[in-house]
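# Structural features, examined
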Amino acid sequence: MHKKCYTIDKFISAWECDLFIDYFDRNYQRLLEHKVDGLNDDFSGRALCINDVDNQIIHHYMNVIRVRTSMYIKETFNLGFNEFVLPCNTQIVKWNIGQDMDVHTDTSRYTDGFNSKAYSQGDGQKTPYHYRWSSLIYLNDEYEGGETIMDDDLINPEKGKLVVFDSDTLHGVKKVGLMNRYTMPMWFTNLPWWYEG
């Protein structure tokens, strides 16, 4: 496995995965009208941010998973007690059949200064500097394809598996087939003013 990428099988239960997928699907029509700021238009109607979750139980479960992931990042990357690992973007995302994502990074460069700004990539998409660590949890695995490309490696989807990596690591998604792919991506920062709350 890539030296900057770590995985844990069954990080969350199959029951939790199904709970998130069910909540997403039941709220899909509302999402179609909701555009998430900062996201590429391809994500409109397929990304549900934690702050838009109106069910207290779902919100609670997502928050517990954010905390567990944050603790795992601190331990895995050997961070000190006083070093921040704060969630700055937590979502449930639906990948429709035929969708993929080109290889990219989640941050253009790492900065711990006060001048964190969005950086315009070649395609015009804004990428925030403040993402330091990226993660995702596979919520299902019954589809074909949909592997995560991590530099030269492929990570196979397994329901409940957590993948964590530095946000400056090249990664992408292979084309999804047969069924829709659901994931819970989370991005973390060391900058307290970007804390998602």
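Our subject is the structure that appears above.
If you're wondering where the values come from, they're calculated on a predicted model, not measured in any experiment.

## Quick word on the packing of aromatic side chains
- Scanning all chains against the criterion turns up 4 aromatic pairs.
- The interplanar angle of 75° and the centroid separation of 5.9 Å between the aromatic rings of Phe 24 and Tyr 182 together place this pair among those described as edge-to-face. Here the residue Phe 24 occupies a position in helix α1 (residues 14-26), and Tyr 182 occupies one in strand β14 (residues 181-189), the gap between them amounting to 158 residues. For the pair Phe 24 and Tyr 182, one class covers both residues: buried.
- Taking 5.4 Å as the distance between ring centres and 15° as the angle between the ring planes, the aromatic pair formed by Tyr 131 and Trp 187 counts as stacked. With Tyr 131 in the loop between β6 (126-128) and β7 (133-138) and Trp 187 in strand β14, this residue pair connects regions lying 56 residues apart in the sequence.
- A relative accessible area of 10% places Tyr 131 in the buried class.
- Here Trp 187 falls in the buried class, since its relative accessible area comes to 13%.
- We note Arg 46 situated over the ring of Trp 95; from NZ or CZ to the ring centre the distance is 5.0 Å.
- Over the ring of Phe 11 we find Arg 68; its NZ or CZ atom is 4.1 Å from the centre of that ring.

## Focus: the nonpolar core
- One finds Phe 20, Ile 137, Leu 139 and Met 184 to be the most contacted residues of the largest nonpolar core, which totals 28 residues.
- Sorting the residues of this core by element identifies α1, α3 (56-76), β7, β11 (162-166) and β14 as the ones contributing at least two each.
- Setting aside residues no more than four positions away along its own chain, Phe 20 makes contact with Ile 12, Ile 58, Tyr 61, Met 62, Ile 65, Ile 92, Leu 139 and Met 184.
- Within the second largest apolar cluster, 13 residues are counted, among which are Val 93, Trp 95, Met 150 and Phe 165.

## Details of the sheet that holds β7
- The antiparallel open sheet is built from 6 strands, whose spatial order is β1-β11-β7-β14-β3-β2. With one partner strand each, in any of the chains shown, β1 (5-8) and β2 (47-49) form the two edges of the open sheet. Each adjacent strand pair in this sheet contributes to an overall mean axis angle of 20°, direction not counted.
- Taken strand by strand, α1 contacts β2, β3 (86-95), β7 and β14, and its axis lies near 100° from that of β14.

Conventions we followed
Residues numbered from 1 in each chain as written. Predicted model: local features only at pLDDT ≥ 70, side-chain atom pairs only at ≥ 80, totals over all residues. Heavy atoms only, no water. Phe/Tyr/Trp six-rings, centres within 6.5 Å; stacked < 30°, edge-to-face > 60°. Helix = DSSP H or I, 4+ residues; strand = E, 2+ residues; numbered from the N terminus. Buried < 20%, exposed > 50% of the residue type's maximum accessible area, 1.4 Å probe, protein only. Lys NZ or Arg CZ within 6 Å of the ring centre and 35° of its normal. Core = buried A, V, L, I, M, F, W, Y, C linked by side-chain atoms within 4.5 Å. Contact = heavy atoms within 4.5 Å. Pairing = 2+ DSSP bridges. Axes fitted to C-alpha atoms, helices over the stretch in contact; angles between N-to-C directions.

These figures come from the coordinates and say nothing about function on their own.
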